Every structure is written in C-alpha cells, then in structure tokens.
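If you want the building blocks of each chain, they are given just below.
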Amino acid sequence: MDQTSRAAVERFVRAAAGASSVAITEAKLLSGGAVQENWLVDLEIGGGPRAGRLECVLRCDSPTAGVAISHGRSHEFALLKTVFDAGVRVPEPLWLCEDREVFGRPFFLMRRIGGTAAAHVLVKDRRLGGDRVRLAEQLGRELARIHSVRPPQPTLDFLPQYDGSPALHRVAQHRAFLDAHHTAYPALEWGLRWLERHAPARGLVTLCHGDYRTGNYMVDEHGLTGILDWEFASWSDPHEDLGWLCAKCWRFGNAAEEAGGVGAREDFYRGYEIESGRRVDRDAVRYWEVMAHTGWAVIAVQQAERHCSGEENSLMLALTGHIVPELEWEILNMTEND
C-alpha cells in the first residue's frame, strides 16, 4: 500500500470513526485471494468511540473483475453485518467505503480475528482447531445460526428471489455459463443432467453461505474463531452448505475426515441438528455434494479463463483450471449408478 493510499484510507477512517486522528501503523497484503484482496491493517485511532489500537482487515476486489457470480464489497458488508447481528461467529464489520477515489476499488474494514484459515495446514496439523470432534460440532452449530436468517430481509434485498427449486435454480446458473463458454465440458453437462433429473423440490429456504468449507473459516489452537468470505451467499436449500463442506473436493487430501478434512461427518451433523432443531437429510446432502463438485468445476473454468484470456497473469488462476478433470471424475464416480 503506497503512501497516497495510506493517507486516503486514514482520512476515510477518521471520518467514519468520528476520530480526531488515524494512523496506519502497518499495512500488508495477505497471501491467497484469487477473487478478493485482503490487507492486514493496524490502526492507531485518536478520539471517538474506537480510540486506541485497532487490528483490522481491509477487503477489496482483486485487480480484475473476478468471478461473475460473486458479490461486490457493499453486498458482502451487508451480509457480514446481518449474520453478525444474528449471532454468527464472524469478524465484526466496521466501515464500508464505496468511493473509488480512496483506494481505487470499493472496500470495507472488519475487525481482525486470531488464528489461521490455511486449509492444507489445518487438515494436517492436529494442534490447530482444538478437539476435532468439538470443531466439527462447532462448524455445524455456526452453520445452523447462518441458516436461522430467512427471507425476507430488507438489508439483503440484493439477493435474487425465485419461486422454484433451489437445486434447479443452481443448475440453470451453471448451464447458462457452460452454454455461453467457448469450450465444451461433456462430463459437466452429464453432471448437470443428473442434478436436473434428481433435483429435490423446493422446501425450506434460508440464507446460505455458498462457500462453507475449510479455508473459509479461522481456527486457533482451541477451536473455531470465525467464518470468512461471504461473496457467494444466496437464498437456497440449507443442504447446499452442508454438502459443500462435506464434498470430497474440499477435504484437501484428507479424504477420511468427511467434514471438510477436519472431522467426522456425523459430528458435524450433530452440531447442526442440536443448534437448528432439524434433522439433516443425508440423501439430500449427497445430492448437494454432486452439485458442489459441479459448481466448483464451473468456478475453476472461470478462474482459468481470467488467466488464459490475458485478463490477469496469474499462476494460481492457471493452475486452478487443472483441477477440472479431477472434479469431472468425481462427478462421474458419484452418479454412474443412478
């Protein structure tokens, strides 16, 4: 972050926080983030209700447009505030800035939480996350709290509403992208047809995180510290989130631990059922696991296209495209007998 950007952010926070002075004492771009950028920002605030040291994360768009279906920062900020008010364990949302003159892109600041979100580390290092049975239950409980948010919600009126099956709604989104894409993916088309034929009818519809997986929550040595990354949230079948966490593609090589590579599926379910008071439909979760592999494959194609088109020169984006065959194989493996 250059000096001009630092000064602009300091002026913004001073006004937003009602402070007499604000100084950025540290600003560092964090690793990862193919869709968004995250900056570690430490503030010294003089005067006002938040006077003192404040450890934050500044979250903004990546330099290019990103994934078409992801929310912008103003919408993600509204989502974060809604679930924070609903008691979900998330970083406290602080201030939103939509003026591009400040940082070049819209951004928001949220309070920094402790721990790590590095999925490949978490699934291997048993010192992180505390007791793994308890961690899986915590993940289930937090997801149930997210699903306690139901439509209508005036603060979330930007989320599309629809009357039909959430499953068919998701199939239509993925098919629209593939139909317009320059390269055919027959295995993904097979998966979409299977999902269409087996789609559950519309039932309970709740707020869904849309990317509830290891890598999008933080843990320390004691357990869960917060849920991150709300850019794919939508109104949907709550089993979509359950299936996404349990999908094999999000276990990061630790396939035996079926709840995100960190715990047992039934421990995750138990936490969810205790908190929500609803039984998890195991067959519905399996359906949404197929959807998870299909959806992640579509996103991987989109990410690779950002690199291949010349829009953004990124080895990470290029490598993301190479996971598509593995996802296609899993889709075929899960559906071959149905």
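Residues numbered from 1 in each chain as written. Predicted model: local features only at pLDDT ≥ 70, side-chain atom pairs only at ≥ 80, totals over all residues. Heavy atoms only, no water.

> Help me understand the overall build of the protein, please; the structure alone is not making it clear to me.
Per the secondary structure count, the protein includes twelve helices and nine strands. In terms of overall dimensions, the protein is globule-like: its C-alpha atoms have a radius of gyration of 20 Å, near the 20 Å expected for 338 residues. Here the protein holds 338 residues, and 55% of them are scored as buried. Accessible surface, the protein: about 14,800 Å² in total, of which carbon and sulfur atoms supply 51%. (Helix = DSSP H or I, 4+ residues; strand = E, 2+ residues; numbered from the N terminus. Rg over C-alpha atoms; globule rule 2.2 N^0.38 Å. Buried < 20%, exposed > 50% of the residue type's maximum accessible area, 1.4 Å probe, protein only. Areas by Shrake-Rupley, 256 points an atom, 1.4 Å probe, with all protein chains shown as cover.)

> Quick question: what am I supposed to make of the packing of helix α9 (residues 265–276) against helix α10 (residues 282–308) here?
The relative placement of two packed helices comes down to the angle between their axes together with the axis-to-axis distance. Where α9 meets α10, the closest approach of the two axes is 13 Å, and the angle between their N-to-C directions is 115°. With respect to each other, α9 and α10 are oriented roughly perpendicular. Judged by the twist between their axes, the crossing of α9 over α10 is right-handed. Contacts between α9 and α10 pair Arg 265, Glu 266, Tyr 269 and Glu 273 from the former with Arg 282, Val 285 and Glu 289 from the latter. Among the residues forming the contact of α9 with α10, the class breakdown is two nonpolar, no polar and five charged. (Axes fitted to C-alpha atoms, helices over the stretch in contact; angles between N-to-C directions. Parallel < 35°, antiparallel > 145°, perpendicular 65-115°, else oblique. Left-handed = near helix turned anticlockwise from the far one by under 90°. Contact = heavy atoms within 4.5 Å. Nonpolar A, V, L, I, M, F, W, Y, C, P; charged D, E, K, R; others polar.)

> Hey, could you run me through the nonpolar core in this one?
Among the nonpolar cores identified, the biggest contains 67 residues, and Leu 207, Trp 230 and Phe 268 are the most heavily contacted of them. Counting residues per element, this core draws most heavily on α10, at ten residues. When sequence neighbours within four positions are dropped, the list of residues in contact with Phe 268 reads Ala 136, Leu 139, Gly 140, Leu 143, Tyr 212, Leu 242, Leu 245, Cys 246 and Ala 259. If you look at the next biggest cluster of nonpolar residues, it comprises 24 residues, including Phe 12, Val 13, Cys 97 and Phe 107. (Core = buried A, V, L, I, M, F, W, Y, C linked by side-chain atoms within 4.5 Å.)

> Mind showing me how you'd approach unusual backbone geometry here?
The phi angle of most residues is negative, glycine excepted, and most peptide bonds adopt the trans form. Pro 152 follows Pro 151 through a cis peptide bond whose omega is 0°. Residue position: Pro 152 is located in the loop between α5 (132–146) and α6 (166–180). Of note, the phi angle at Asp 229 is positive, near 60°, even though the residue is not glycine. Following the sequence through the fold, Asp 229 ends up in the loop between β8 (224–227) and β9 (234–236). In this structure, Phe 252 takes a positive phi of about 50° despite not being glycine. In this structure, Phe 252 sits in the loop between α8 (239–246) and α9.

> Please clarify how α6 should be interpreted in this entry.
One turn of the α-helix equals 3.6 residues, which is why residues spaced by three or four share an orientation. Helix length check: α6, at 15 residues, gives a terminal C-alpha distance of 22 Å against a target of 21 Å (1.5 Å per residue), a fit within 8%. What α6 keeps buried is the set Pro 166, Ala 167, Arg 170, Val 171, His 174 and Leu 178. All buried residues of α6 fall inside an arc of 140° around its axis, so they share one side. Set apart from the buried face of α6 by more than 90 degrees, the exposed residues are Asp 179 and Ala 180. In this structure, the buried residues of α6 make contact with α7 (186–197), β9, α8 and α10. Among the residues of α6, the N-terminal cap falls to Ser 165, whose side-chain oxygen and the backbone nitrogen of Ala 167 are separated by 3.2 Å. (Expected span 1.5 Å × (residues − 1). Arc of directions from axis to C-beta. Polar contact = N/O pair within 3.5 Å; in protein donor to acceptor, adjacent residues only side chain to side chain.)

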